[in-house]
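Here are the chains, one letter per residue:
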Amino acid sequence: MERTLVICKPDAVERGLVGEIIGRFECKGLRILAAEVLHLDLEILGRHYAEHVDRPFYDDLVAFMSRSPAVLLVVGGPEGTVAMVRSLMGATDPGQAAPGTIRGDFGLEVTENLVHGSDGTGSAEREIAVFFPALASAG
Ligand code: UDP
Ligand code: MG
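Residues numbered from 1 in each chain as written. Chains lettered and ligands numbered in written order. Predicted model: local features only at pLDDT ≥ 70, side-chain atom pairs only at ≥ 80, totals over all residues. Heavy atoms only, no water.

Visitor: Is there a simple way to explain the overall build of the chain in this structure?
Guide: From N to C terminus, the chain includes seven helices and four strands. Against the 2.2 N^0.38 benchmark of 14 Å for 139 residues, the chain shows a C-alpha radius of gyration of 14 Å, consistent with a compact globule. Once the C-alpha set of the chain is aligned to its principal axes, its extents read approximately 35 × 35 × 25 Å. Sorting the 139 residues of the chain into buried and exposed places 47% on the buried side. In the chain, 75% of the contacts between residues at least 6 apart in sequence involve partners at least 24 apart. Within the structure as shown, the chain displays about 6,800 Å² of accessible surface, and the carbon and sulfur contribution to it stands at 54%. Positive and negative side-chain charges of the chain, numbering 12 and 20 respectively, have mean locations separated by a distance of 4 Å. (Helix = DSSP H or I, 4+ residues; strand = E, 2+ residues; numbered from the N terminus. Rg over C-alpha atoms; globule rule 2.2 N^0.38 Å. Buried < 20%, exposed > 50% of the residue type's maximum accessible area, 1.4 Å probe, protein only. Contact = heavy atoms within 4.5 Å. Areas by Shrake-Rupley, 256 points an atom, 1.4 Å probe, with all protein chains shown as cover. Lys, Arg positive; Asp, Glu negative; His and termini not counted. Charge placed at Lys NZ, Arg CZ, Asp CG, Glu CD.)

Put into structure tokens, the structure is as follows:
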């Protein structure tokens, strides 16, 4: 089974969109393998977003991501699941995201874009290990 890390970001929890977001993955046929509500802190966000620490948007991103609880999910399915989740999410900027995608249907602003999904199978396993160490793959 291919796995990916999904985060329903604080805006999604605040707006009551977690059920809608999980429902889209379930309607597609993907499985929820793990779920947790967690108020993220700067330490764990620094590990999760390690590739972005030097980007100009990083401080705004972590301020947003740490302002209230998020819902962490491990989503699994057949080969291609990582890419399928990204396509269900839509483009990073909700203003550009296609209608029918989560970001295209519910968002307006690039930082508060509702959902995170790993961008490859390698990053998925790295990110799953950050938030769900008990589920980390051996290799
Ligand atoms: N982000 C932002 N400004 C930007 C680009 C990204 O605030 O110009 C935020 C946005 O919340 C995005 C996250 O940083 O989801 C991580 O950026 P990435 O490029 O990895 O986008 P994603 O993989 O989430 O589509
Ligand atoms: Mg990314």
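After that view, the rundown keeps rolling.
Visitor: Got a minute to help me understand the site of ligand 1 in this structure?
Guide: In the neighbourhood of ligand 1, the contacting residues comprise Lys9, His52, Phe57, Leu61, Arg86, Thr92, Arg103, Val110, Thr111 and Asn113. Between ligand 1 and Arg103 there is a distance of 3.1 Å, counted from an oxygen atom to a side-chain nitrogen or oxygen. Within the side chain of Asn113, one N or O atom sits 2.8 Å away from an oxygen atom of ligand 1. Here ligand 1 loses 82% of its free accessible area of 500 Å² to cover by the protein chains. In this structure the site holding ligand 1 corresponds to the largest pocket. Split by residue class, the shell around ligand 1 holds three nonpolar, four polar and three charged. (Near = heavy atom within 4 Å. Polar contact = N/O pair within 3.5 Å; in protein donor to acceptor, adjacent residues only side chain to side chain. 1 Å grid on protein atoms, 1.4 Å probe; cavity = no way out; pocket = protein on both sides within 12 Å on 5 of 7 lines; lining within 4 Å. Sits in = over half its atoms within 2 Å of the grid points. Nonpolar A, V, L, I, M, F, W, Y, C, P; charged D, E, K, R; others polar.)

Visitor: Which parts of the structure should I look at to understand the nonpolar core?
Guide: Here is a general trend for soluble globular proteins: nonpolar side chains tend to be buried in one another's company. In this structure, Ile7, Leu40, Met65, Phe131 and Phe132 are the most contacted members of the largest nonpolar core, which totals 19 residues. Those elements giving two or more residues to this core turn out to be β1 (2-8), α3 (42-48), α4 (58-65), β3 (70-77) and α7 (121-131). Aside from chain neighbours lying at most four places away, what touches Phe132 is Leu5, Ala34, Ala35, Glu36, Leu72, Leu73 and Val74. In this structure, Ala12, Val18, Val75 and Met89 belong to the second largest nonpolar core, which totals 18 residues. (Core = buried A, V, L, I, M, F, W, Y, C linked by side-chain atoms within 4.5 Å.)

Visitor: Would you explain unusual backbone geometry in this entry?
Guide: In terms of backbone geometry, most residues other than glycine have negative phi values and most peptide bonds are trans. Not every positive phi belongs to a glycine, and Leu114 is a case in point at roughly 75 degrees. On the accessibility criterion, Leu114 (0% relative accessible area) is buried.

Visitor: For this particular structure, what's the right way to read the layout of surface pockets?
Guide: Over the atoms, a rolling probe the size of a water molecule traces out where space has been left empty. By volume, the largest pocket is sized at about 400 Å³. Around the largest pocket, the lining comprises 19 residues; the ones closest to its centre are Lys9, Tyr49, His52, Thr92 and Asn113. Broken down by element, the lining of the largest pocket gets its largest block of residues, three residues, from strand β4 (residues 115-117). Partitioned by chemical class, the residues of the lining of the largest pocket number six nonpolar, seven polar and six charged. (Points joined across faces, edges and corners; volume = space filled by probe spheres on them.)

Visitor: How should I be thinking about the pattern of salt bridges in this particular structure?
Guide: Where charged atoms from two side chains of opposite charge come close, those side chains can pair. In the structure shown here, the tally under the stated rule is six salt bridges. For the salt bridge of Arg24 with Asp105, the shortest nitrogen-to-oxygen distance reads 3.0 Å. One end of the pair, Arg24, is in helix α2 (residues 18-28); the other, Asp105, is in helix α6 (residues 102-106), with 81 residues separating them in the sequence. When the shortest N-O distance is used, the salt bridge between Glu43 and Arg47 registers 2.9 Å. You can see Glu43 and its partner Arg47 sitting in helix α3, four residues apart, about one turn around the helix. The partly exposed category is assigned to Arg47, whose relative accessible area is 39%. Within the structure, one salt-bridge network assembled from shared partners comprises Glu14, Arg67 and Glu112. (Salt bridge = Lys/Arg side-chain N within 4 Å of Asp/Glu carboxyl O.)

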